[in-house]
Amino acid sequence: MTFLPDLSVLAAFTLAIAVLTITPGPDMTLFMGKTLTQGRKAGAAAVLGATSGIVVHSLFAALGISALLATSATAFAVLKYVGATYLIYLAVQAVRKGSALTLETAKIKQESMSRIWLQGLTINLLNPKIVLFFVTFLPQFISATDPHAPGKLLFLGFFFILLATPVCLLMVYFASQFAGFMKGSPRAMKAFDWTFAGVMGAFALKLLAARAASS
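Keep in mind the model is a prediction, meaning the values are calculated, not measured.

(A) Geometry of the overall build of the protein chain. Along its length, the protein chain carries nine helices and zero strands. The N-to-C order of helical and strand elements in the protein chain reads α-α-α-α-α-α-α-α-α. Across the protein chain, every contact between residues at least 6 apart in sequence was considered, and the portion connecting residues at least 24 apart equals 88%. Just so you have it, the protein chain exposes about 11000 Å², and 71% of that area is on carbon and sulfur atoms.

See below:
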């Protein structure tokens, strides 16, 4: 199956997914907030909306990066350098500013599940950080000369969804306990931040080292 990456690549990608999923961000703030104010069904709708956004980003990243591969190896190399820079920036920001999980717990007017789903979708589609992340993060898991790059990029995008969505739904199910733990454990939050920074920094260095070895 040509769309399957090597096991070592898949293992590294799985580690990255695990860290990203449990690190607070706009998506987590949305689905945890909806759960605490409107119930688990609302939280699940927000997760599914965010997941739909990831599907769109995966498709665009696979098609766009693949087109770039076919057009210009130099442009793809530039993308990789930009990607490494962006990952280092994320690592530094995580250490300097830390994660934020600000949740409203007061009950609000009930919204329809379709409206909440749309909010989750919108947060993903209109968030430039998520766009940049997919465009700069996924390329490091494929080779610039791989003829099966489109299939592998799509596989990685959907593999992200396969692993991250159940974890997010578990967070929704245990929202009260999880939110209490996150807000009441500064050391845990700091550990998340440093782990995130370490993983992003390691992948950035991996990108730069691989490019230096091939030049």
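Picking up after the structure, the text goes on.
(B) Region of the structure containing the nonpolar core. Formed by 37 residues in total, the largest nonpolar core has its most connected members in F13, F137 and M200. Mapped by element, the contributors of at least two residues to this core are α1 (7–22), α3 (40–71), α4 (73–97), α6 (128–137), α7 (149–173) and α9 (186–214). Sequence-distant contacts of F13, defined by excluding residues within four places in its chain, comprise F137, L138, F141, L156, F159 and F160. Counting 16 residues, the second-largest nonpolar core is a separate cluster that includes A46, V47, I116 and M171.

(C) The arrangement of the packing of helix α2 (residues 26–38) against helix α5 (residues 113–125) in detail. At a closest axis distance of 9 Å, the pairing of α2 and α5 adopts a crossing angle of 165 degrees. As the angle between them shows, α2 and α5 are arranged roughly antiparallel. α2 and α5 meet at a crossing whose hand is right-handed. Here P26, D27, L30, K34 and Q38 of α2 come into contact with α5, specifically with I116, Q119, G120, I123 and N124. Partitioning the contact of α2 with α5 into residue classes produces four nonpolar, four polar and two charged.

(D) Structural context of the environment of A18. Here A18 shows up in helix α1. It is 7.4 Å that separates the C-alpha atoms of A18 and A164, two residues lying 146 residues apart in sequence.

(E) Representation of the packing of aromatic side chains. Tallying each qualifying case throughout the model produces three aromatic pairs. If you follow R40 out to its NZ or CZ, it ends over the ring of Y173, 4.0 Å from the centre.

(F) Quick look at the side chain of T37. Its place among the elements puts T37 in helix α2. Engagement of the side chain of T37 in a polar contact is seen with the backbone oxygen of G33, the distance being 2.8 Å.

(G) Fine view of the packing of α1 against α7. As a packed pair, α1 and α7 sit with axes 10 Å apart at the nearest point and diverge in direction by 35 degrees. Helix-helix and strand crossings are classified by hand; for α1 and α7 the assignment is right-handed. Seen from α1, the contacting residues are L10, F13, T14, I17, L20, T21 and I22; seen from α7, they are F155, L156, F159, F160, L163, A164, V167, C168 and M171. Residue composition of the contact of α1 with α7, grouped by class: 14 nonpolar, two polar and no charged.

Rules of the game
- Residues numbered from 1 in each chain as written.
- Predicted model: local features only at pLDDT ≥ 70, side-chain atom pairs only at ≥ 80, totals over all residues.
- Heavy atoms only, no water.
- Helix = DSSP H or I, 4+ residues; strand = E, 2+ residues; numbered from the N terminus.
- Contact = heavy atoms within 4.5 Å.
- Areas by Shrake-Rupley, 256 points an atom, 1.4 Å probe, with all protein chains shown as cover.
- Core = buried A, V, L, I, M, F, W, Y, C linked by side-chain atoms within 4.5 Å.
- Buried < 20%, exposed > 50% of the residue type's maximum accessible area, 1.4 Å probe, protein only.
- Axes fitted to C-alpha atoms, helices over the stretch in contact; angles between N-to-C directions.
- Parallel < 35°, antiparallel > 145°, perpendicular 65-115°, else oblique.
- Left-handed = near helix turned anticlockwise from the far one by under 90°.
- Nonpolar A, V, L, I, M, F, W, Y, C, P; charged D, E, K, R; others polar.
- Phe/Tyr/Trp six-rings, centres within 6.5 Å; stacked < 30°, edge-to-face > 60°.
- Lys NZ or Arg CZ within 6 Å of the ring centre and 35° of its normal.
- Polar contact = N/O pair within 3.5 Å; in protein donor to acceptor, adjacent residues only side chain to side chain.

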